[in-house]
Amino acid sequence: MDLSFTDEELEFAATARAWLAEHLDAPPRFASLDEEVEWGRRWQARLAADRWVGIYWPAEFGGRGAGPVQVALFNMEYARAGAPQPVNRVGINLAGPTLLAHGTDEQRRRWLPHLLDASEIWCQLFSEPDAGSDLASLSTRAVPTTGPDGREGWSLTGQKVWTSYATYARWGICLARTDPDAPKHRGISYLVVDMTSPGIDVRPLVQMTGEAEFNEVFLDEVFVPADHLVGGLHQGWTVANTTLAHERGTNFPFKEQVVHEVFLEELYRTAAASGSLDDPEVADDLVGAFLALRVLRLHNWRTLGRLAAGHEPGPESSWIKLAWTDMTQHLSATALEVLGDDGQLDGPWARQYLWSRAASIAGGTSEVQRTIIGDRLLGLPR
């Protein structure tokens, strides 16, 4: 594998770096999630205005037509600049790629522009209390009906959970069972739900960080028009695999790789200044964090090689998700060792440690990732 960059790729990275240096202002300390979301909308709109959101999308939909290497370079520059995650990341990283792959021309024209500039935020209505990461066991049902305006569509009833930014979302990508008699991986359809519809009840879930980024969503006979179906009827499992592959193995890991490399550099400096490097256990843990980051980088390069060759993300994205989970939890625990008692109660590392506990659940549990690796990559018996 050739890990060097072409002159054109290096020039692209320099352009992105210069733009970020000129336009990025450090975000303030927010008093509430409301303030953070409003600031995030303005920042994402600025990015979108100069086509720095969804840069691999075709130019006709607001992107730059960038290739996989350019996307990876941009994500690295973005992370290195300390830029905050885009507020509409579910839309950018999950809904957008899925609509590009499976949506109709009308669906793309309707939803993609407002998705890019965060004027309409998206959420993901996949997980359920009794299904978790086993999406094929979902029980939310969509029954054919006629809406109040005479349009054909579905009546959607069920419950979803762990839904990020549902309180701010205008649209949600939802998996629902449209054929209850079909085998569980079949009979599922992929619907776009208007989150302002009657019958939707969003209830925030307070995390141990004290924030309420996640929510549970109750759906009570919510009408979804027929033209909000993405992909074919009962083809939701195929469409959802596109969403999940992008969630686990493309944009996110490249950014997180650089973010955690910056974290580790800061942690080394802190440990050296405090004398913690003289503690063999701390030193060993820092080396372990360094090696975990290198493993993640190698996984990322392998993914990049596949994308550059024209292959869609596949089950190997589960390797990436698993590597990232182990890495972020290990590094966060090491940080608390370095900081000692004073640093374990408050501050960014304390929050990062608490948040990292969810890494083995978000985006599909680690147990599910190992099952996918065993079944679809190693060919182990079920």
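Residues numbered from 1 in each chain as written. Predicted model: local features only at pLDDT ≥ 70, side-chain atom pairs only at ≥ 80, totals over all residues. Heavy atoms only, no water.

## Things to note about the pattern of salt bridges
- Under the counting rule described, the total for this entry stands at 14 salt bridges.
- Among the ionic pairs, Arg110 bridges to Glu120, the shortest N-O distance being 3.3 Å. On the criterion of sequence distance, the pair formed by Arg110 in helix α5 (residues 105-116) and Glu120 in the loop between α5 and β1 (122-125) is long-range, its members being ten residues apart.
- Look at Arg110 and you get partly exposed, because its relative accessible area is 29%.
- Taken together, the shared-partner salt bridges in this structure form one network comprising Arg110, Glu120, Arg170 and Asp194. (Salt bridge = Lys/Arg side-chain N within 4 Å of Asp/Glu carboxyl O. Helix = DSSP H or I, 4+ residues; strand = E, 2+ residues; numbered from the N terminus. Buried < 20%, exposed > 50% of the residue type's maximum accessible area, 1.4 Å probe, protein only.)

## Section: unusual backbone geometry
- With a phi close to 65°, Ala118 is a non-glycine residue in the positive phi region.
- In this structure, Ala118 sits in the loop between α5 and β1.
- We note that His234 has phi near 70°; this positive angle belongs to a residue other than glycine.
- Structurally, His234 can be placed in the loop between β8 (229-230) and α6 (236-249).
- When its relative accessible area of 28% is taken as the criterion, His234 is described as partly exposed.

## Structural notes on the confidence of the model for the protein
- Taken over all residues, the pLDDT of the protein has a mean of 87, while the share at 70 or more is 95%.
- The secondary structure element of the protein with the lowest average pLDDT is α6, at 76, and the one with the highest is β8, at 98. (pLDDT = per-residue confidence, 0-100.)

## A closer look at the nonpolar core
- Counting residues in each nonpolar core, the largest one holds 43 residues, and the members touching the most others are Trp43, Trp52, Trp122, Phe126, Leu175 and Tyr190.
- Looking at this core, the elements that each hand over two or more residues are α1 (7-23), α2 (33-49), α3 (68-80), α4 (89-102), α5, β4 (171-177), β5 (188-194) and α6.
- Counting 24 residues, the second-largest nonpolar core is a separate cluster that includes Val87, Ala142, Trp154 and Leu191. (Core = buried A, V, L, I, M, F, W, Y, C linked by side-chain atoms within 4.5 Å.)

## Focus: helix α9 (residues 317-339)
- With 23 residues, α9 extends 33 Å between its outermost C-alpha atoms, agreeing within 8% with the 33 Å of an ideal straight helix rising 1.5 Å per residue.
- Looking one or two residues past α9, Gly340 carries a phi angle of roughly 75°, positive in sign. (Expected span 1.5 Å × (residues − 1).)

## As for the packing of aromatic side chains
- Applying the stated rule across the entire model yields 15 aromatic pairs.
- Measuring from centroid to centroid gives 6.3 Å for Trp122 and Trp171, while their planes differ by 35°, and the two rings are tilted. Residue Trp122 is found in strand β1, and its partner Trp171 is found in strand β4; the two are separated by 49 residues along the sequence.
- Relative accessible area serves as the criterion here: at 4%, Trp171 is assigned to the buried category.
- Centroid distance Trp324 to Trp355: 6.2 Å. Interplanar angle 70°. Geometry classified as edge-to-face. With Trp324 in helix α9 and Trp355 in helix α10 (residues 348-356), this pair connects stretches of sequence that are 31 residues apart.
- Overall, the relative accessible area of 4% leaves Trp324 in the buried class. (Phe/Tyr/Trp six-rings, centres within 6.5 Å; stacked < 30°, edge-to-face > 60°.)

## Notes on the environment of Glu60
- Within the secondary structure, Glu60 sits in the loop between α2 and α3.
- Taking relative accessible area as the criterion, Glu60 reaches 67% and is therefore assigned exposed.

## Notes on the pairing of β1
- Going residue by residue along β1, you find Trp122 and Gln124 tucked away on one face and Cys123 and Leu125 tucked away on the opposite face as well.
- The sheet contact formed by β1 and β4 spans four bridges and is parallel. Note on β4: the bridge partner recorded for Gln124 is Ile173. (Pairing = 2+ DSSP bridges.)

## Overview of the packing of helix α8 (residues 280-308) against α9
- In the contact formed by α8 and α9, the axes pass within 9 Å of each other and the chain directions differ by 155°. With respect to α9, the element α8 is oriented roughly antiparallel. Considering the relative orientation of α8 and α9, their crossing is left-handed.
- Its residues assigned to classes, the contact of α8 with α9 comprises 13 nonpolar, six polar and four charged. (Axes fitted to C-alpha atoms, helices over the stretch in contact; angles between N-to-C directions. Parallel < 35°, antiparallel > 145°, perpendicular 65-115°, else oblique. Left-handed = near helix turned anticlockwise from the far one by under 90°. Nonpolar A, V, L, I, M, F, W, Y, C, P; charged D, E, K, R; others polar.)

## What about the state of the cysteines?
- A full pass over the atoms with the stated rule returns zero disulfides.
- Cysteine Cys123 remains unbridged, with the sulfur of Cys174 as its closest cysteine sulfur at 9.0 Å.
- Since its relative accessible area comes to 0%, Cys123 is described here as buried. (Disulfide = S-S within 2.5 Å.)

## Observations regarding α3
- With 13 residues, α3 should reach 18 Å at 1.5 Å per residue; the first-to-last C-alpha distance of 18 Å fits that figure.
- Counting buried positions along α3 gives eleven out of 13 residues, so the element sits mostly inside the fold.
- Looking only at α3, the buried set comprises Val69, Gln70, Val71, Ala72, Leu73, Phe74, Asn75, Met76, Glu77, Tyr78 and Ala79.
- Taken from the residues just after α3, Gly82 is the one with a positive phi, measuring 80°.

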